[in-house]
Every structure is written in structure tokens, then in C-alpha cells.
Amino acid sequence: MCDVRRRGENDLADCLRVLAEVHKVDGYPVNWPERAADWLAGPTQLAAWVAELDGRIVGHAALTPAGADDVAPALWSSRTGTPVADTVVLSRLFVSRSARGHGIGGLLMSQAAREARERGLHPVLDVVASDTAAAAAALYERLGWNLMAVVDQHWSPDRTVKVHCYAAP
């Protein structure tokens, strides 16, 4: 049985183990962070959750305020006429390959979206276009999230990536 609960400080080592597996298999995150624990559990996070299956952590999701470089919040703001500050970014979403097919990604996303709405915020997310991201995009769309746009995002002067931006229904 799968259980979704708030991430605790003692969960970080297991979350990082799962993240390393996901990075090796799926290439997420695209660039492995120099300080992975800080990337996963940064000080600006509003909330984070883990998913457990048979007592093991197998997934993770977090909510963060919109950052200056986040495209999805600005798109939602321009479409709805609401301030960017009224959005929140669903981020750091991943599920171990061995645990896929149990609806864990959907459970994590539902929990994050519920929390966002309780805070009066509209959840958005983005995903870098890639072969493995196609499965993630299919999940988002099955859950009713709307593709707002596919945009080029400049990660550095010499690196541009295509990003699919979604908003919760």
C-alpha cells in the first residue's frame, strides 16, 4: 500500500538515493546538482512530501514559490490576469522506476495541488522536453493539467532547452 506524508528531515538520505536512481535511469534532474540535498530541500520550499510503498520511500514532490526564472507562473499570470505571487510551482517530483504503475505520481501531485489551493495558490509546473519527460507529460494531462505552452528557456548563454509549461485544472 502507498502512503503519502510530509517529508521529514530524516527522509533526505532516502530521497537522495531515489533521486540518484531516477537521474541515472531518466536523466532527472537534467543537471545533477552540486549540493543535491540543498537542491532537493531548499529553504524556500513551502512544503514537501514523500511517498512510501511497503515502508520504503519511492517518490517525492515539493511546492516552491515562483522564482525569477520560472516560466510557468508568468504564463499563468498573463493568461488569468492574476499576480505571479498567486501561483506556486510543483517541483522536485520523481518516482522510483521500481515503484511506477502504482499511481504514486498522481498521489503526490494531488497532495501538492490540494495544499496549494488551501494556501490560496494555483499550482503550475514545467518539464524539460525529452524522451523520458513524455511519460511525465502524459501523467499531467491524464490528471487534467493543461499545457499552456512549450517555450525555450535559457539556462546559460550557450544552453537553451525546450520546456513544457502546465497549470493545474
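First things first, this report covers the structure right here in the doc. As the structure is a computational prediction, the values presented were derived from the model and not from experiment.

**Description of the pattern of salt bridges**
And step 1. All chains considered together, the criterion is met by eight salt bridges.
And step 2. In this structure, the salt-bridge partner of Arg-5 is Glu-52, at a minimum N-O distance of 3.1 Å. Linking Arg-5 in strand E1 (residues 2-6) with Glu-52 in strand E2 (residues 47-53), this pair joins segments that are 47 residues apart in sequence.
And step 3. In this structure, Asp-38 engages Arg-35 in a salt bridge whose closest nitrogen and oxygen atoms are separated by 3.0 Å.
And step 4. Assessed through its relative accessible area of 56%, Arg-35 is described here as exposed.
And step 5. When salt bridges that share partners are traced, they join Arg-5, Asp-11 and Glu-52 into one network.

**Considerations on the side chain of Asp-26**
And step 1. Within the secondary structure, Asp-26 sits in helix H1 (residues 12-26).
And step 2. On the accessibility criterion, Asp-26 (14% relative accessible area) is buried.
And step 3. Polar contacts involving the side chain of Asp-26 include one to the side chain of Arg-100, which spans 2.4 Å.

**A word on helix H5 (residues 133-142)**
And step 1. Along H5, the residues that are buried comprise Ala-133, Ala-137, Leu-139 and Tyr-140. One side of H5 holds all its buried residues, which, seen down the axis, span an arc of 155°. Residues of H5 that are exposed and point more than 90 degrees away from the buried face comprise Ala-135 and Arg-142.
And step 2. The secondary structure elements touched by the buried residues of H5 are strand E4 (87-95), helix H4 (104-118), strand E5 (122-128) and strand E7 (159-167).
And step 3. Gly-144, located one to two residues past H5, shows a positive phi value of around 90°.

**Digging into the sheet that holds E7**
And step 1. Read across the open sheet, the seven strands follow the order E1-E2-E3-E4-E5-E7-E6; overall the sheet is mixed. Only two strands of the sheet have a single partner each, and these edge strands are E1 and strand E6 (146-156). Averaged over all pairs of adjacent strands, the angle between their axes in this sheet comes to 30°, without regard to strand direction.
And step 2. Bridge analysis of E1 against E2 gives five bridges, and the strand direction is antiparallel. Across the sheet, residue Arg-6 finds its bridge partner in E2, namely Trp-49.
And step 3. Contacts between H1 and the sheet are confined to E2, strand E3 (56-65) and E4, with E3 contributing the most and set at about 90° to the helix.

**Overview of the environment of Ala-112**
And step 1. Here Ala-112 lies in helix H4.
And step 2. Given the relative accessible area of 0%, Ala-112 is considered buried.

**Side note on the pairing of E4**
And step 1. For E4, a buried count of eight out of nine residues is recorded, marking the element as mostly surrounded by other parts of the structure.
And step 2. Note that E3 and E4 share six bridges and pair antiparallel. Bridge assignment links Thr-64 to a residue of E4, and that residue is Val-89.
And step 3. Between E4 and its parallel partner E5, the chain crosses via H4, and the hand of that crossover is right-handed.

**Description of the pairing of E5**
Remark: a regular strand shows side chains that alternate across the two faces of the sheet.
And step 1. For E5, the tally of buried residues reaches five of seven residues, placing the bulk of the element in the interior.
And step 2. Taken together, the three bridges between E4 and E5 define a ladder with parallel strand orientation. Residue pairing across strands places Val-89 opposite Val-124, the latter belonging to E5.
And step 3. Pairing analysis gives five bridges linking E5 to E7, with the strands arranged antiparallel. By the bridge assignment for E7, Val-128 is matched with Val-163.

Cut-offs and rules
Residues numbered from 1 in each chain as written. Predicted model: local features only at pLDDT ≥ 70, side-chain atom pairs only at ≥ 80, totals over all residues. Heavy atoms only, no water. Salt bridge = Lys/Arg side-chain N within 4 Å of Asp/Glu carboxyl O. Helix = DSSP H or I, 4+ residues; strand = E, 2+ residues; numbered from the N terminus. Buried < 20%, exposed > 50% of the residue type's maximum accessible area, 1.4 Å probe, protein only. Polar contact = N/O pair within 3.5 Å; in protein donor to acceptor, adjacent residues only side chain to side chain. Arc of directions from axis to C-beta. Contact = heavy atoms within 4.5 Å. Pairing = 2+ DSSP bridges. Axes fitted to C-alpha atoms, helices over the stretch in contact; angles between N-to-C directions. Right-handed = clockwise from strand over helix to strand, strands pointing away.

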